Amino acid sequence: MNRLEGRAALVTGSTSGIGRGVAEAMAREGAIVVVTGLGPEQGAQVVDGIVAEGGIAHFVEADLSAGGTEVRRLAQEATALAGRPIDILVNNAAFLVPPHPMTESTEEQIDKVLEVNIKAPFLLTAALVPGMVEHGGGSVINIGSIGGVDGITFTSLYGASKAALHSLTRSWAAELAADGVRVNTVAPGPTITESNEDLRPLLEKLAQNNPDRHTGSVQDTAAAVIFLASNEASHIHGVLLPVDGGALAI
Ligand SMILES: NC(=O)c1ccc[n+]([C@@H]2O[C@H](COP(=O)([O-])OP(=O)(O)OC[C@H]3O[C@@H](n4cnc5c(N)ncnc54)[C@H](OP(=O)(O)O)[C@@H]3O)[C@@H](O)[C@H]2O)c1
């Protein structure tokens, strides 16, 4: 299918894991994709893979913990490389703090989580929304987490950052809908990717609490993101779509 034909998408954290899967799926749906992350070699690999399949992709190296100037540079370079305004922004990158007791969270961890998981998506969205509005609308998809809804032991810092992102989704949806910009959240449950294979036993154990008893795949989350980015979701604003085997339903 070509549900995103003619559109440009920027996917943060698309050098690996879920973001990579989303970028690849979007390219298969006809979007011009801008891949971004910290690692230029991984970025080149993702871009080469997309191009080998006949898609269009570019890479911008950017550190989302480096503040507003870096985030705005990413927005500008992504737009220039795409050759058109970014129509779809997926705020996927996150600083995944290893689980730990809250009494052991360091100030550095707190600052970095706020910087990468909240401040960067905020500034990046603010930088790209004017272009979307000027060109008739767009779609912002924030990758949240069931950990931003449920209280989960040893992940309070990460969970709080995801809860903030869920809140931004609802506020931005209310604020931007009249200008044609749709904002939604996709909230994965435990998801095995090529970069977290070492966590497979832990994720499979967590997934035993899901009604369907399964971990999710990168493709499961990518399919939800594509749907929300597509015209099929043109009347959908401000939702949190769990991709979690039913975990949030119980
Ligand atoms: N996997 C799960 O079970 C799960 C469950 C719920 C929600 N999620 C959410 O899904 C999203 C993707 O997670 P994942 O499992 O795919 O993790 P991942 O493979 O570690 O991907 C994280 C991505 O974020 C990028 N990133 C991290 N810090 C960055 C920084 N300072 N500047 C720029 N990019 C940075 C990484 O770039 P580099 O590779 O270049 O370092 C990487 O591409 C996250 O928002 C996560 O919270 C995942």
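Residues numbered from 1 in each chain as written. Predicted model: local features only at pLDDT ≥ 70, side-chain atom pairs only at ≥ 80, totals over all residues. Heavy atoms only, no water.

- Naming follows an unreviewed UniProt entry, where the chain appears as NAD(P)-dependent dehydrogenase, short-chain alcohol dehydrogenase family of Micromonospora chokoriensis.
- Check the Sequence similarities (unreviewed entry) section of the UniProt entry for the chain; it says "Belongs to the short-chain dehydrogenases/reductases (SDR) family." (UniProt positions renumbered as here; feature names shortened; annotations may be inferred.)

What to know about the site of the ligand
Phase 1 of the analysis: Close to the ligand lie 30 residues, the nearest being I18, L38, N92, Y158 and K162.
Phase 2 of the analysis: Y158 has a polar side-chain atom sitting 2.5 Å from an oxygen atom of the ligand.
Phase 3 of the analysis: Burial of the ligand by the protein chains amounts to 87% of its free accessible area of 890 Å².
Phase 4 of the analysis: At the level of elements, α1 (17-28) and α5 (156-176) are the ones that each hand at least two residues to the shell around the ligand.
Phase 5 of the analysis: Residues belonging to the shell around the ligand are distributed by class as follows: 12 nonpolar, 16 polar and two charged. (Near = heavy atom within 4 Å. Polar contact = N/O pair within 3.5 Å; in protein donor to acceptor, adjacent residues only side chain to side chain. Areas by Shrake-Rupley, 256 points an atom, 1.4 Å probe, with all protein chains shown as cover. Helix = DSSP H or I, 4+ residues; strand = E, 2+ residues; numbered from the N terminus. Nonpolar A, V, L, I, M, F, W, Y, C, P; charged D, E, K, R; others polar.)

Focus on the packing of α1 against helix α7 (residues 218-229)
Phase 1 of the analysis: Across the interface, α1 lies against α7 with an axial gap of 9 Å and an inter-helix angle of 50°. One element, α1, and the other, α7, form an angle in the oblique class. Remark: the crossing between α1 and α7 carries right-handed chirality. Contacts between α1 and α7 involve G17, I18, G21, V22, A25 and M26 from the former and V218, T221, A222, V225, I226 and A229 from the latter. (Axes fitted to C-alpha atoms, helices over the stretch in contact; angles between N-to-C directions. Parallel < 35°, antiparallel > 145°, perpendicular 65-115°, else oblique. Left-handed = near helix turned anticlockwise from the far one by under 90°. Contact = heavy atoms within 4.5 Å.)

Concerning the sheet that holds strand β1 (residues 8-11)
Phase 1 of the analysis: Pairing in this open sheet of seven strands is parallel, and the strands run β3-β2-β1-β4-β5-β6-β9 from one edge to the other. At either end of the open sheet lies a strand with only one pairing partner, and these are β3 (56-61) and β9 (240-243). Pairs of neighbouring strands in the sheet enclose a mean axial angle of 20°, with direction left out of account.
Phase 2 of the analysis: Across six bridges, the pairing between strand β2 (residues 32-37) and β3 is parallel. (Pairing = 2+ DSSP bridges.)

A closer look at the pattern of salt bridges
As a working rule, side chains carrying opposite charge can pair if their charged atoms are close by.
Phase 1 of the analysis: Inspection of every chain in the model, using the stated rule, returns 10 salt bridges.
Phase 2 of the analysis: Residues R73 and E70 are paired through a salt bridge, measuring 3.1 Å at the closest nitrogen-oxygen approach. Highlighted residues: R73 and E70, both in helix α3 (residues 68-82), separated by three residues, approximately one helical turn.
Phase 3 of the analysis: With a relative accessible area of 27%, R73 lands in the partly exposed category.
Phase 4 of the analysis: Of the charged contacts in the structure, one is a salt bridge between E77 and R73, with a shortest N-O distance of 3.0 Å. Linking E77 with R73, this pair stays in helix α3, spanning four residues, or about one helical turn.
Phase 5 of the analysis: We classify E77 as partly exposed; its relative accessible area is 34%.
Phase 6 of the analysis: Residues joined in a network through salt bridges with shared partners are R3, E29 and E232. (Salt bridge = Lys/Arg side-chain N within 4 Å of Asp/Glu carboxyl O. Buried < 20%, exposed > 50% of the residue type's maximum accessible area, 1.4 Å probe, protein only.)

Some remarks on the side chain of E29
Phase 1 of the analysis: You can see E29 is positioned in the loop between α1 and β2.
Phase 2 of the analysis: A polar atom in the side chain of E29 sits 2.9 Å from the backbone nitrogen of R3.
Phase 3 of the analysis: Contacts of E29, omitting those with residues within four sequence positions, involve M1, N2, R3, L4, E5 and I226.

Side note on helix α2 (residues 40-52)
Phase 1 of the analysis: If you check α2, its first and last C-alpha atoms are 18 Å apart, about what 13 residues at 1.5 Å a residue would give, namely 18 Å.
Phase 2 of the analysis: Buried within α2 are the following residues: G43, V46, V47 and I50. Burial along α2 is one-sided: seen end-on, the buried residues are contained in an arc of 95°. For α2, the exposed residues lying more than 90 degrees away from the buried face are E41, D48 and A52. (Expected span 1.5 Å × (residues − 1). Arc of directions from axis to C-beta.)

Notes on the packing of aromatic side chains
Phase 1 of the analysis: Here the structure, examined in full by the defined rule, presents one aromatic pair.
Phase 2 of the analysis: Judged by centre distance (5.4 Å) and plane angle (75°), the ring pair of F122 and W172 falls under edge-to-face. With F122 in helix α4 (residues 107-134) and W172 in helix α5, this pair connects stretches of sequence that are 50 residues apart.
Phase 3 of the analysis: Accessibility expressed as a relative area gives 39% for F122, which makes it partly exposed.
Phase 4 of the analysis: Above the face of the F95 ring, K112 is positioned so that its terminal group lies 4.8 Å from the ring centre. (Phe/Tyr/Trp six-rings, centres within 6.5 Å; stacked < 30°, edge-to-face > 60°. Lys NZ or Arg CZ within 6 Å of the ring centre and 35° of its normal.)

Details of the pairing of β1
Phase 1 of the analysis: Because side chains alternate across β1, one face comprises the buried residues A8 and L10, and the other comprises A9 and V11, equally buried.
Phase 2 of the analysis: Bridge count between β1 and β2: four bridges; the pairing is parallel. Looking at the pairing, A8 lines up with I32 of β2.
Phase 3 of the analysis: Taken together, β1, α1 and β2 constitute a β-α-β crossover, and its handedness is right-handed.
Phase 4 of the analysis: Alignment of β1 against strand β4 (residues 88-91), held across three bridges, turns out to be parallel. Note on β4: the bridge partner recorded for A9 is I88. (Right-handed = clockwise from strand over helix to strand, strands pointing away.)

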